[in-house]
Amino acid sequence: MQLAAARRVSIGGRPVLTAMGKQPVAGPVPVLPLGLLGDEQADLSVHGGLEKAVYAYPVEHYPFWQAARREQGLSQIDDSLPFGSLGENLTLQGLLENDVWAGDVLRFPHCELQVRIPREPCYKFNAAMGFTRASRLMAQSGFCGFYLSVLTPGTLSAGDSFELLPGRRSVSITELFAAKMSKHLR
């Protein structure tokens, strides 16, 4: 599990507020209706709020991004790409975008989170990955992760197990993402 405070960084020579580059935390973290205590989002028009309180990303996609960064000559800078580098709060194993549908519930031992929508790539993602075509690569690959709302507040700890409780299964995260990505694939 990872958190970050919003901070100013230089992107394209101008100061930009961002909360990318989440850092690991130990111990239980309170899960509140608007997200994890101690976590911030810089632009609430696209991240955060009740429907996007927590961002989850599949660990299985990390090798893809490490390879993409190597292809861009960035492996000498940081080949490790630690969890949280994609801006996610939860790095989940065994749950890909095509496995989850809007409305599904992730039941953790001390809270429940509901799958809402896919994450859309942005220029801050390009900056975090270190190359300008990262957003387009996310759009092409479908490796977007997904936002969760807080259904039952409580606590989360790194390594907590979870159970997937299927919702109505009317639209998958993969379908929602594909519908939104036409603008990035032009």
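Preceding this section is the structure that the text describes.
Criteria and thresholds
- Residues numbered from 1 in each chain as written.
- Predicted model: local features only at pLDDT ≥ 70, side-chain atom pairs only at ≥ 80, totals over all residues.
- Heavy atoms only, no water.
- Buried < 20%, exposed > 50% of the residue type's maximum accessible area, 1.4 Å probe, protein only.
- Helix = DSSP H or I, 4+ residues; strand = E, 2+ residues; numbered from the N terminus.
- Pairing = 2+ DSSP bridges.
- Core = buried A, V, L, I, M, F, W, Y, C linked by side-chain atoms within 4.5 Å.
- Contact = heavy atoms within 4.5 Å.
- Polar contact = N/O pair within 3.5 Å; in protein donor to acceptor, adjacent residues only side chain to side chain.

**Q** How would you sum up the pairing of strand E11 (residues 146–152)? Please name residues and give values.
**A** In terms of burial, E11 is a largely internal element, five of the seven residues being buried. Relative to E11, strand E7 (residues 54–58) is paired through three bridges, and the arrangement is antiparallel. From the neighbouring strand, Tyr55 faces E11, where its bridge partner is Tyr147. Inspection of the sheet shows strand E10 (residues 111–118) paired to E11 by five bridges, in the antiparallel sense. Across the sheet, Glu112 pairs through a bridge with Thr152, a residue of E11.

**Q** A description of unusual backbone geometry should follow, citing residues and the corresponding values.
**A** Of note in the backbone geometry, Arg169 takes a positive phi value of approximately 65 degrees without being a glycine. In this structure, Arg169 sits in the loop between strand E13 (163–165) and helix H4 (173–180). For Arg169, a relative accessible area of 31% translates into the label partly exposed.

**Q** Outline the nonpolar core, supporting the account with residue identities and numerical values.
**A** Of all hydrophobic cores here, the largest spans 41 residues; its most connected members are Trp65, Leu90, Leu113, Phe146, Leu148 and Leu156. Aside from chain neighbours lying at most four places away, what touches Leu148 is Glu51, Lys52, Ala53, Val54, Ala56, Leu90, Leu106, Leu113, Gln114, Val115 and Arg116.

**Q** Describe the side chain of Gln2, naming the residues involved and giving the relevant values.
**A** Looking at the secondary structure, you find Gln2 in strand E1 (residues 2–3). By relative accessible area, Gln2 is classed as buried at 4%. Here the side chain of Gln2 touches Thr91 through a polar contact of 3.1 Å, side chain to side chain. The residues contacting Gln2, other than those within four sequence positions of it, are Lys22, Gln23, Pro24, Leu36, Asp39, Phe83, Gly84, Glu88, Asn89, Leu90 and Thr91.

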